[in-house]
Amino acid sequence: MTYTLDITPGTAGWDHSSLRVLTLPPSGTHTFETADSEWIVLPLGGGCTVRTEGRAFELHGRESVFTAVTDFAYVPRDARVTLTSPEGGRFALAGARCERRLPARYGPAEAVPVELRGTGVCSRQVNNFAAADTFECDRLIAVEVLTPGGNWSSYPPHKHDEYHPGRESRLEEIYYFEIAESPGGTPGLGYQRVSPSRDGGTDVLTEVRTGDAVLIPDGWHGPSIAAPGHDMYYLNVMAGPGPGREWLIRDHPDHTWIRGTWPDQPPDPRLPLYRPGGDR
């Protein structure tokens, strides 16, 4: 089975973070070895059964990333995992090299904390399914972000490429994008910016469409810009070498002032796009 996206520490040129996107046809099956990494199986569209170590987790999944929070399964390092999907679907496998071997577990959709972050045109929705303080992993941190068309997210630009105890984590990050079509079916697009935080650092300004990914080994990242009329989804996958599993960021000093304007503005009334269970 060929992954439509396959980012590993080796291909990315870093040490920890991985992301694969798998498409299964109806009655499709895929087996993989977790090796030295822990993984979360996250339905992007459709459902599946995840079997590992004598256990089976039934993932109900969702129609698409724009319709509902999904359930998910965590699988440990040094295991064999088999996915089967009677109806077919698309699945993200978010991974991180790790040391501890934690038990395989099911993550119910109704337990996923849904957060509204920012206000006004900086409003976005964050599904904190595997944030550092919501679901136990050894190294892996992963969240989903939904940005209404016309809004900016990952803003103000921020970074986490140096370890400063209590102030900043060192984390490699993957952004995986899906962009909603217009009501007439026109494919959507967005833009992602990464600017250098040091001489010779990452410097990217790129158009993104469904299926694209941006790697962030270092640098100030943001904004992620959703074109008007096209809601933007991205999956953030992070891991790093720090002594603790933390998401500590530093805002770009030229732009952090924007946070001071948020209390004077309401959140975008289009948010949340949905709540756990798919209710709008």
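Attention in this report is confined to the structure presented alongside it. Note that the coordinates shown come from a computational prediction; the quantities given were computed from them, not determined experimentally.

1. Description of the nonpolar core
Line of reasoning, step 1. Ranked by internal contacts, the top residues of the largest apolar core, which has 36 residues, are Leu19, Ile40, Leu42, Phe129, Tyr176, Tyr233 and Leu235.
Line of reasoning, step 2. Considering every element that reaches this core, the biggest residue donor is strand S22 (residues 232-239), with four residues.
Line of reasoning, step 3. For Ile40, the contacting residues outside a window of four places in its chain are Phe72, Ala73, Tyr74, Ala92, Leu93, Ala94, Phe129, Ala130, Cys137 and Leu140.
Line of reasoning, step 4. Grouped together as the second largest cluster of nonpolar side chains are 17 residues, Tyr3, Leu22, Cys48 and Leu83 included.

2. Brief notes about the packing of aromatic side chains
Line of reasoning, step 1. Applying the stated criterion to the full structure yields eight aromatic pairs.
Line of reasoning, step 2. Residues Trp152 and Tyr155 carry aromatic rings whose centres are separated by 5.3 Å and whose planes lie at 85° to one another, so their mutual orientation is edge-to-face.
Line of reasoning, step 3. When its relative accessible area of 13% is taken as the criterion, Tyr155 is described as buried.
Line of reasoning, step 4. Measuring from centroid to centroid gives 6.0 Å for Tyr175 and Phe177, while their planes differ by 35°, and the two rings are tilted. We note that Tyr175, like Phe177, is buried.
Line of reasoning, step 5. Through successive ring pairs, a cluster of aromatic residues spans Phe72, Tyr74, Phe129 and Phe135.
Line of reasoning, step 6. Note that Arg105 overlies the ring of Tyr74, its terminal NZ or CZ placed 4.5 Å from the centroid.
Line of reasoning, step 7. The ring of Trp220 carries Lys159 above its face, with NZ or CZ at 5.7 Å from the centroid.

3. Some points on the pairing of S22
Line of reasoning, step 1. Of all eight residues in S22, eight are buried, a share of seventy percent or more.
Line of reasoning, step 2. What you see with S22 is no split at all: Met232, Tyr234, Asn236 and Met238 on one side and Tyr233, Leu235, Val237 and Ala239 on the other are buried throughout.
Line of reasoning, step 3. Strand direction decides the pairing type here: strand S12 (residues 141-147) and S22, joined by seven bridges, are antiparallel. If you follow Glu144 over to S22, its bridge partner there is Leu235.

4. Observations regarding the side chain of Ser169
Line of reasoning, step 1. By secondary structure assignment, the location of Ser169 is in strand S16 (residues 168-170).
Line of reasoning, step 2. For Ser169, a relative accessible area of 5% puts it in the buried group.
Line of reasoning, step 3. Non-local contacts of Ser169, meaning those with residues more than four positions away in its chain, are made with His160, Asp161, Glu162, Glu246, Trp247 and Leu248.

5. Re the sheet that holds strand S11 (residues 124-130)
Line of reasoning, step 1. The six strands are arranged S10-S11-S12-S22-S17-S20 in an open sheet whose pairing can be described as antiparallel. The two strands at the open ends of the sheet, each matched to only one other strand, are strand S10 (114-117) and strand S20 (213-216). With direction set aside, neighbouring strand axes in the sheet form an average angle of 20°.
Line of reasoning, step 2. The pairing of S10 with S11 spans four bridges and is antiparallel. Within S11, the position partnered with Leu116 by the bridge is Gln125.

What counts and what doesn't
Residues numbered from 1 in each chain as written. Predicted model: local features only at pLDDT ≥ 70, side-chain atom pairs only at ≥ 80, totals over all residues. Heavy atoms only, no water. Core = buried A, V, L, I, M, F, W, Y, C linked by side-chain atoms within 4.5 Å. Buried < 20%, exposed > 50% of the residue type's maximum accessible area, 1.4 Å probe, protein only. Helix = DSSP H or I, 4+ residues; strand = E, 2+ residues; numbered from the N terminus. Contact = heavy atoms within 4.5 Å. Phe/Tyr/Trp six-rings, centres within 6.5 Å; stacked < 30°, edge-to-face > 60°. Lys NZ or Arg CZ within 6 Å of the ring centre and 35° of its normal. Pairing = 2+ DSSP bridges. Axes fitted to C-alpha atoms, helices over the stretch in contact; angles between N-to-C directions.

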